[in-house]
Amino acid sequence: MYNPYQYNPYHFNQPQQYNPNLNKHTVLRTVEPFVQYGLHEAKHTSFAHALREVAAITYLMGMGYDPKMAHRIVESWEINEVFYPGQRFNS
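Everything numeric here is computed off the predicted structure, so don't read it as measured data. (Residues numbered from 1 in each chain as written. Predicted model: local features only at pLDDT ≥ 70, side-chain atom pairs only at ≥ 80, totals over all residues. Heavy atoms only, no water.)

Asks: Provide a residue-level description of the overall build of the chain, including the pertinent values.
Replies: Scanning the chain from terminus to terminus reveals 3 helices and 0 strands. When the helices and strands of the chain are listed from N to C terminus, the series reads α-α-α. Looking at the 91 residues of the chain, the share that counts as buried comes to 24%. The long-range share in the chain, meaning contacts at least 24 apart out of those at least 6 apart in sequence, stands at 50%. (Helix = DSSP H or I, 4+ residues; strand = E, 2+ residues; numbered from the N terminus. Buried < 20%, exposed > 50% of the residue type's maximum accessible area, 1.4 Å probe, protein only. Contact = heavy atoms within 4.5 Å.)

This is the structure in structure tokens:
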């Protein structure tokens, strides 16, 4: 079962103790443009698609990709605004 609090193998210098305010403003400021992008994207596709896209972009950013490159990579995965062949428009 997935545990969101488990060790992240892509972040090698994780602090031993969890501090919920550590980097709060930096994280929220960094993801805000993608949140706004996702809200805009959802108007043209679906909320599920927009969430997948924003989640994939921020995941790649967490792996160390530059935000613009992460966005380009995820966009390259789309064919006709879907990630999987045969995916319905509103799924």
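Asks: Quick one: what's the story with the side chain of E78, residue by residue and with numbers?
Replies: For E78, the position within the fold is in the segment after α3 (67-76). No salt bridge is formed by the buried E78; the nearest opposite charge belongs to R52, separated by 9.6 Å. A polar contact is formed between the side chain of E78 and the side chain of H49, at a distance of 2.6 Å. Those residues in contact with E78 that lie beyond four places of it in its chain are E41, H49, E53 and F83. (Lys, Arg positive; Asp, Glu negative; His and termini not counted. Salt bridge = Lys/Arg side-chain N within 4 Å of Asp/Glu carboxyl O. Polar contact = N/O pair within 3.5 Å; in protein donor to acceptor, adjacent residues only side chain to side chain.)

Asks: Can you explain the packing of helix α2 (residues 47-62) against α3? Please cite residues and give values.
Replies: Relative orientation of the contacting elements α2 and α3 amounts to 135°, with a least axis distance of 8 Å. As judged from the angle between their axes, α2 and α3 are oblique. Where α2 crosses over α3, the handedness of that crossing is right-handed. Mapping the contact onto sequence places E53, A56, I57, L60 and M61 in α2 and P67, A70, H71, I73, V74 and E75 in α3. Its residues assigned to classes, the contact of α2 with α3 comprises 8 nonpolar, 1 polar and 2 charged. (Axes fitted to C-alpha atoms, helices over the stretch in contact; angles between N-to-C directions. Parallel < 35°, antiparallel > 145°, perpendicular 65-115°, else oblique. Left-handed = near helix turned anticlockwise from the far one by under 90°. Nonpolar A, V, L, I, M, F, W, Y, C, P; charged D, E, K, R; others polar.)

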